[in-house]
Amino acid sequence: MGDASVEELKNAKCFALGCPAMGAEVLEEVEMEPFVSEVEGIASGKMITLFGSYGWGDGQRIRDWTDRMSKCGAKVLNGEGLICQETPDERTIAECEAVGKQLQPFNL
């Protein structure tokens, strides 16, 4: 997140955001949460995809994040984020790559 800029996303038609779940299934609080709060101000009308992993629970954080971004006007690709438990396996990586390819035409 240290190199990411909301300013760069303002002119993008689409983008992807990812973050593992922290604590009680929340976004990382030091860098990611403030960044996402800023993104909410520029996300309306943009096609986005969300992805992340979790260690326990059931991944509710991705569903909450999808709802949050939808409420600020973003269009979440496929209506849901990608999620996996623990470290992504080959199947999950292939799903991420496929979603990335789905997102590309929106940036033309």
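Look above for the structure.
Residues numbered from 1 in each chain as written. Predicted model: local features only at pLDDT ≥ 70, side-chain atom pairs only at ≥ 80, totals over all residues. Heavy atoms only, no water.

**Remarks on the overall build of the protein**
Worth spelling out the cut-off: In this text, helices come from DSSP runs of H or I with a minimum length of four residues, and strands from runs of E with a minimum of two, each type numbered from the N-terminal end. Only protein chains enter the accessibility calculation, which uses a 1.4 Å probe; a residue whose area is less than 20% of its type maximum is buried, one above 50% is exposed, and one in between is partly exposed. We call two residues in contact when some of their heavy atoms are within 4.5 Å. Using a 1.4 Å probe, accessible areas were evaluated by the Shrake-Rupley method; residue-level cover was limited to the displayed protein chains. In this charge count, Lys and Arg are treated as positive and Asp and Glu as negative; neither His nor the chain ends contribute. A charge is said to be at NZ when it belongs to Lys, at CZ for Arg, at CG for Asp and at CD for Glu.
Looking only at helices and strands, one finds four helices and four strands in the protein. Secondary structure elements in the protein, listed N-terminal to C-terminal, are α-β-α-β-α-β-β-α. C-alpha extents for the protein along the principal axes are approximately 35 × 30 × 25 Å. The buried share among the 108 residues of the protein stands at 38%. At a minimum sequence separation of 6, the contacts of the protein that also span at least 24 residues come to 77%. Surface summary for the protein: the accessible area is close to 6,400 Å², and the carbon and sulfur share equals 52%. Computed over 10 positive and 19 negative side-chain charges, the inter-centroid distance for the protein is 9 Å.

**Points about unusual backbone geometry**
In this structure, N78 is a non-glycine residue whose phi angle is positive, near 65°. Along the chain, the position of N78 falls in the loop between strand 3 (75–76) and strand 4 (82–85).

**Focus: empty space enclosed by the protein**
Filter applied, for reference: A pocket, in this scheme, is an open set of points on a 1 Å grid over the protein atoms alone with protein on both sides within 12 Å along at least 5 of 7 lines, while a cavity is a set where a 1.4 Å probe fits but cannot get out; residues line either one if an atom lies within 4 Å of a point. Grid points are joined across faces, edges and corners, and a volume is the space filled by probe spheres set on the points. Think of it as three bins: nonpolar holds Ala, Val, Leu, Ile, Met, Phe, Trp, Tyr, Cys and Pro, charged holds Asp, Glu, Lys and Arg, and polar takes everything else, Gly as well.
The full count for this structure, using the stated rule, is one cavity of 30 Å³ or more. A volume near 40 Å³ is recorded for the largest cavity. Contributing to the lining of the largest cavity are A21, M22, G23, E25, Y54, G55 and W56. Residues belonging to the lining of the largest cavity are distributed by class as follows: four nonpolar, two polar and one charged.

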